[in-house]
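Understanding the architecture of this molecule
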Amino acid sequence: MNFIFLGPPGAGKGSLAVKVAEDYKIPHISTGDIFRAAIKNQTELGKKVKAIIDSGALVSDDLTCELVKDRLSQPDTQNGFILDGYPRHMPQVVAIERTLEELNLKVDYAVLLNVEYDMALKRTLGRQICPQCKKTYNKLTGVNAPLVDGMCNDCKIPLTVRNDDNEETFKKGYESYLINCKPVIEYYRNKGILIELDSNGSALDTLNEFEEIIGSKND
Ligand code: AMP
C-alpha cells in the first residue's frame, strides 16, 4: 500500500512511519531524513540545504520534487511506500501527482496525524536519537525516556539531538505547516482518501488506531 503521512513537526510521523514500514515491509521515504543524511555526509546536496534546514525554512521545490521522483523510481517502491514530510504544500501535490502518473503509481491513503501544539513542541524539544540504532527517545513527554539520562538503553552510547530541534525552528515549521498544509489536507479529504489519527498519546496508541482504521477499510 502507498501512504502519504501529513502532520506538523513533532506529530510523530517518523515514529509511526518506522513501525508501519516494518509491518508492511515497504520503504519509509522521509525527505527530512534524506536531507539530514546528505548534510551529515557533506554531499553537494547537503551543502546546498544545510542553512535552509537549520533555519526551518523549506528547501526549493525543484530540488525536493526531483529527489522524491528519483527515490520513487527505485524498484523497492513497487510493493508500497510511505512518503513522510512530502508533499508539504500544493505545488508539491501537483508535482507528486505528475510523478505518480508517470511511474504508474497511486496514493492509497493520506494519513494526517493530529497533535496539540504543546505536545508537538515537547516532542520536538525533548527528542533524543541513538546515532547507532536510530531509536528515538524523549526526555520531556513523560513517555519513552531513556533509562539512564542521555544514553541509549540498548547501545549504551550517548544520545544525540537534531540540529533543527529548537524552539525557533519548531515555530517556523509549525506556522509553515498551518498555512501550507491546509489545502493539501483538503485536497486528500476531497479525494476521499484522508485518514485522521489522534497523535497526542503514545506511539503505540497511534499505531493501534492506524491499524484499526486501515484494517476496517480493507476487510
Ligand atoms: P522534517 O524532518 O520533515 O521535519 O524536515 C526537516 C526539514 O527538511 C524541513 O524543515 C525542511 O527544511 C526540509 N524539508 C523536508 N521535507 C521537505 C519538503 N517536502 N519540502 C521542502 N523542504 C522539506
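Each remark here, short or long, concerns the structure printed above.
Below, the structure is looked at part by part. Nothing here was measured: the structure is a model prediction, and the numbers come from that model. (Residues numbered from 1 in each chain as written. Predicted model: local features only at pLDDT ≥ 70, side-chain atom pairs only at ≥ 80, totals over all residues. Heavy atoms only, no water.)

In this section: helix H2 (residues 31-40). Restricting attention to buried positions, one finds in H2 the residues Thr31, Gly32, Phe35, Ala38 and Ile39. Buried positions in H2, seen along its axis, are confined to an arc of 130° and lie on one side of it. Residues of H2 that are buried sit in contact with strand E2 (28-30), helix H3 (44-55), helix H4 (61-72) and strand E3 (81-84). Looking one or two residues beyond H2, the residue adopting positive phi is Gln42, at roughly 55°. (Buried < 20%, exposed > 50% of the residue type's maximum accessible area, 1.4 Å probe, protein only. Helix = DSSP H or I, 4+ residues; strand = E, 2+ residues; numbered from the N terminus. Arc of directions from axis to C-beta. Contact = heavy atoms within 4.5 Å.)

All right, on to the site of the ligand then. Within the structure, the ligand sits among 15 residues, and Thr31, Arg36, Ala57, Gly85 and Arg88 are positioned closest to it. Within the side chain of Arg36, an N or O atom sits 2.9 Å from an oxygen atom of the ligand. A distance of 2.8 Å separates a nitrogen atom of the ligand from a polar atom in the side chain of Arg88. Contact with the protein chains covers 93% of the free accessible surface of the ligand, which is 480 Å². If one sorts the elements of the shell around the ligand by residue count, H2 sits on top with four residues. The residue makeup of the shell around the ligand, split by class, is six nonpolar, five polar and four charged. (Near = heavy atom within 4 Å. Polar contact = N/O pair within 3.5 Å; in protein donor to acceptor, adjacent residues only side chain to side chain. Areas by Shrake-Rupley, 256 points an atom, 1.4 Å probe, with all protein chains shown as cover. Nonpolar A, V, L, I, M, F, W, Y, C, P; charged D, E, K, R; others polar.)

This part covers the nonpolar core. In a soluble, globular protein the nonpolar side chains are often hidden away together inside. Counting 24 residues, the largest nonpolar core has Leu6, Leu72, Leu83, Ile96 and Tyr188 as the members making the most contacts within it. Contributions of two or more residues to this core are made by strand E1 (2-6), H4, E3, helix H5 (90-103), strand E4 (109-114) and helix H7 (167-191). In terms of nonpolar packing, the next biggest core, distinct from the first, is built from 22 residues, Phe5, Ala21, Tyr109 and Ala120 among them. (Core = buried A, V, L, I, M, F, W, Y, C linked by side-chain atoms within 4.5 Å.)

Let us now look at the pattern of salt bridges. Applying the stated criterion across every chain yields a total of 14 salt bridges. Between Asp54 and Lys50 there is a salt bridge, with the nearest N and O atoms lying 2.6 Å from each other. You can see Asp54 and its partner Lys50 sitting in helix H3, four residues apart, about one turn around the helix. Asp54 gets classed as partly exposed once you look at its relative accessible area, which sits at 26%. Relative accessible area serves as the criterion here: at 34%, Lys50 is assigned to the partly exposed category. The partner of Arg162 in a salt bridge is Asp164, with the nearest N and O atoms 3.1 Å apart. (Salt bridge = Lys/Arg side-chain N within 4 Å of Asp/Glu carboxyl O.)

Our focus in this paragraph is the packing of aromatic side chains. Considering all chains together, one arrives at 11 aromatic pairs under this definition. Centroid distance Phe3 to Phe5: 6.3 Å. Interplanar angle 55°. Geometry classified as tilted. Given the relative accessible area of 1%, Phe5 is considered buried. With a centroid separation of 5.6 Å and an interplanar angle of 80°, the aromatic rings of Phe3 and Tyr24 are classed as edge-to-face. You can see Phe3 sitting in strand E1 and its partner Tyr24 sitting in helix H1 (residues 13-24), a full 21 residues away along the chain. (Phe/Tyr/Trp six-rings, centres within 6.5 Å; stacked < 30°, edge-to-face > 60°.)

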